[in-house]
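# Breakdown of the fold
If you want the building blocks of each chain, they are given just below.
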There are 2 protein chains.
Amino acid sequence: MFDPVEKLKEFIRHPSVSTDSKFGEGMRGAQKFVADLLGSLGFKVEVVKTEVHPIILASRGGDPSWPHVVIYGHYDVQPAEPLALWKTPPFEPTVIGNRIYGRGAADNKGPLMANITAVGQLLEQDPKLPLRITFLIEGEEEMGSPSFPAFLASYADRLRSADLVYLCDTALPSEKQVVITCGLRGLALFDLHVTGARVDLHSGLHGGVLRNPIQALAEICASLHTPDGRVNVPGFYDGVLDVEPWERAELAKLEGDGKAYMDFLGIDAFYTPPGFSPFEAVRFQPTLEFNGIGGGYQGEGTKTVIPSKAFAKISCRLVPNQEPRRIKAIVQDAIRSRAPKGVKIEFVDQHQGDPYVVVPPGRPNTPKDQSPVLARAFRAAEAAVTQVWGRPPLFLREGGSVPIIPDIKRTTGLDSVMLGLFLPEDNLHAPNEGFNLDVMKRGVETTKRILKRITIS
Amino acid sequence: MFDPVEKLKEFIRHPSVSTDSKFGEGMRGAQKFVADLLGSLGFKVEVVKTEVHPIILASRGGDPSWPHVVIYGHYDVQPAEPLALWKTPPFEPTVIGNRIYGRGAADNKGPLMANITAVGQLLEQDPKLPLRITFLIEGEEEMGSPSFPAFLASYADRLRSADLVYLCDTALPSEKQVVITCGLRGLALFDLHVTGARVDLHSGLHGGVLRNPIQALAEICASLHTPDGRVNVPGFYDGVLDVEPWERAELAKLEGDGKAYMDFLGIDAFYTPPGFSPFEAVRFQPTLEFNGIGGGYQGEGTKTVIPSKAFAKISCRLVPNQEPRRIKAIVQDAIRSRAPKGVKIEFVDQHQGDPYVVVPPGRPNTPKDQSPVLARAFRAAEAAVTQVWGRPPLFLREGGSVPIIPDIKRTTGLDSVMLGLFLPEDNLHAPNEGFNLDVMKRGVETTKRILKRITIS
């Protein structure tokens, strides 16, 4: 068997930045690396062409009565910029102490390597393991998986024979506490453009005559929240999934320290909807955020202009059962109805993703028809984490979004078991991304135990 | 005598962009051109060094009992960018029909050349004209005249012996209607910076916990106006000079067409303070405008970030008797008091300028102690415009700002007579700037008549 750390170094050396066409060679290298590695473990590898970057589908068949796990991961990484802030070269993996540094070390090359290693070791120990496995490794995760819906439409039948999806592409709060992610927020994104006069105007010659589009934009944006921190759009909270008492109780075990969190963020006051702690709000409540705003003169000094245009980039994080298209429609309706006279409003739709929730077995709200293999996988994960990490995992919804998880659920009915392996200090999407090699080792051991136990009914 | 159009071409060929150090040679060329031209008319020329670009002071002395006129102008021009939008090269003057195109043609090289030509012709006709003249030609007008206060502090005594300032650096609404500008708005500019978290945050991991600085900025900006179009800051309108009935009556003669103005701006509704038409509001009312706004991700597509920072560039146009520093202070106080918890507020002060008003003779509010020479200059201007243009001028306050005018008034007591020569189609500060040569010719004739009449008490 290969050395997982050496293999991870090899993987990181392929600069697989999916969003930048300059990195075509790195993308092809990373894709071939994964395909060859899975091939060397005896998997039948298909490289599925897509509009942008291929998806690797690698399968180990077997008796149709065996459980069937889809293991998801991605071989693409975020851009490494700003390069000046890296202490080691982003595509030259560097081990310092128990950490390996490099772009993609944590997101997702390290965790994916842990899973491939686990499968390799498991099959080496027991070549007859009664488990069907399909690796589904995409190359567009960091660009919003544009080809994934078309892929799913063509390959849904292949996936439908599986029992669950297993992945390590979520976070854990500390090395001591593993989290199995049971919910993800959805996304609805659009740009709002406000136009006043047909051109930028001299603020002396025309100031006092017309509504400045920045003012109109500010008025609209200011109207979208209540002072107490809720989203101020009629119907926004309709159908929002209630928080189960067990979810609050589970979260309470995290012993979140509000003061420490405030210090980490560098703020002196939280701003959460009434009835939710910050730790709850981020997991259980939807948001409307402004990701960017722009208009007029932004340079040094002054330019006394009344700009013609201003814009804001708006995104909503959604919780079950908020439908992204409905949310976009009602937010845009609210904006239209609040736009003052004298300006024109336009929207540019960006992508969206459904929210997702899966309930572990044995909870008051566990679906009665939950698949026995899925239930077994959750129990296996709980047992494996408890053994390997010395402490049971927490089953928590998370604030982030992994839109392909609800996409798979909607298309194939498959739920996902998500084992978190990123630490807060791993600097995902940031300079000096790194991955904890002790976590990696424990990740390998945990995945091995989970996969093994799934086979025992 | 020289041909004024040929001389203007020569002047325009010097690319005298004051704000861009690449144009040092163009600045020196334009400065030498003006100095030499005034020298050739018999003026004693001093080139006064400043921190940035020299000021040309050229004087024709005489008997201390003669009236003394300071003629103001500037030899610097705005940057020509965006170059791609010019139909003729910006620094290669091109005459098409009765218009000359080139950067600075209207602002201020053409009008300044009209005044130099007028003086040249007048002195050629009557070398013994009993009039003292000081040309004061600066090279920093387009960068906010940073050296002017220091210059004034040193040279105030020289100017104090004058009776008035005369300049052609304002606008006229059409070729048929000349305006003598009797008031200018002041300026108070600053940047507002809002900081939330110490770094940009992932909107999934932290969204719902803290106040987005763009939201805080929007709330602050939205609070600064009332729905009916006034500035919503306590004390903002304190002491604002009343509009005299004669001013409204004078303005009414302009026959402003609201629908045509709306079409020109490309808007479908005005937004003016109650009690003021758009034509009145721009002249008689102060404003608070947002010249720019920025924060977070402004590129293509999406980035689901909660930005750490956002900013707005704010400027107030002020009317007499609003003091710029007081206005900045009360607006900033209002912003501080309205800033929500969880964000930090900082201000970066930019420059400011006083508002200005001068009342022509014979009005109900004309100061009783108005200088007889100033009164004579206004009457001379009225008579000259009526003769040359076939219609009396209008005496109107204007919405723009020329901060050196109130600076001169404050330092030396001198008032200004401002004859407008820019037409709306002259594209000041924009591509394809041009100047109407018929207006120039009439400008020469008007200035000649005004200067001549000032000498006859």
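Bear in mind that the values here come from a model prediction, so they are computed numbers and not experimental data.

Helix and strand counts for chain A come out as 13 helices and 18 strands. Computed over the C-alpha atoms, the radius of gyration of chain A is 24 Å, within 12% of the 23 Å expected from 2.2 N^0.38 for a compact globule of 457 residues. Overall size of chain A, expressed as C-alpha extent along the three principal axes, is 80 × 50 × 45 Å. Counting over 457 residues, chain A shows a buried share of 53%. Intrachain contacts of chain A at a sequence separation of at least 6 include 78% that bridge at least 24 residues.

Once that is clear, we can look at the interface of chain A and chain B. On the side of chain B, 64 residues touch chain A, which itself brings 64 residues to the contact. The greatest single-element share of the side of chain A that touches chain B, amounting to nine residues, is contributed by strand E11 (residues 287–296) of chain A. Split by residue class, the side of chain A that touches chain B holds 24 nonpolar, 30 polar and ten charged.

On to unusual backbone geometry, then. Glycine aside, residues mostly have negative phi, and peptide bonds are mostly found in the trans state. Note the cis peptide between Asp 107 of chain A and Asn 108 of chain A, where omega equals 10°. By the element assignment, Asn 108 of chain A lies in helix H3 (residues 105–125). In this model, Glu 81 of chain B is joined to Pro 82 of chain B through a cis peptide bond whose omega is -5°. Locating Pro 82 of chain B in the fold gives a position in the loop between strand E3 (68–74) and strand E4 (94–96). Look at Ser 145 of chain B: it is not a glycine, yet its phi comes out positive at around 50°. As for its position among the elements, Ser 145 of chain B is in the loop between strand E6 (132–138) and helix H4 (148–160). With 26 C-beta atoms counted inside 10 Å, the residue Ser 145 of chain B sits in the buried group.

To continue, consider the relation of the copies chain A and chain B. The two copies are related by a screw operation: chain A maps onto chain B through 180° of rotation and 0.0 Å of translation along the axis, at an RMSD of 0.0 Å. Taken together, the rotation and translation describe the operation of a two-fold axis. Interface residue correspondence from chain A to chain B reaches 100%, placing this contact among same-surface, isologous pairings.

Our focus in this paragraph is the sheet that holds strand E13 (residues 309–318) of chain B. Pairing within the open sheet is antiparallel, and its eight strands lie in the order E14(A)-E9(A)-E13(A)-E11(A)-E11(B)-E13(B)-E9(B)-E14(B). Of all the strands in the sheet, the pair left with one neighbour each is strand E14 (344–353) of chain A together with strand E14 (344–353) of chain B. On average, each strand axis in the sheet is tilted by 20° relative to the strand beside it, whichever way the strands run. Pairing of strand E9 (residues 186–195) of chain B with E13 of chain B, which is carried by ten bridges, proceeds in the antiparallel orientation. The residue bridging Leu 189 of chain B from the neighbouring strand is Ser 315 of chain B, located in E13 of chain B.

Reading guide: rules and limits
Residues numbered from 1 in each chain as written. Chains lettered and ligands numbered in written order. Predicted model: local features only at pLDDT ≥ 70, side-chain atom pairs only at ≥ 80, totals over all residues. Helix = DSSP H or I, 4+ residues; strand = E, 2+ residues; numbered from the N terminus. Rg over C-alpha atoms; globule rule 2.2 N^0.38 Å. Buried ≥ 20, exposed ≤ 12 C-beta atoms within 10 Å, placed from the backbone. Contact = placed C-beta atoms within 7 Å. Nonpolar A, V, L, I, M, F, W, Y, C, P; charged D, E, K, R; others polar. Least-squares fit on C-alpha atoms with pLDDT ≥ 70 in both. Pairing = 2+ DSSP bridges. Axes fitted to C-alpha atoms, helices over the stretch in contact; angles between N-to-C directions.

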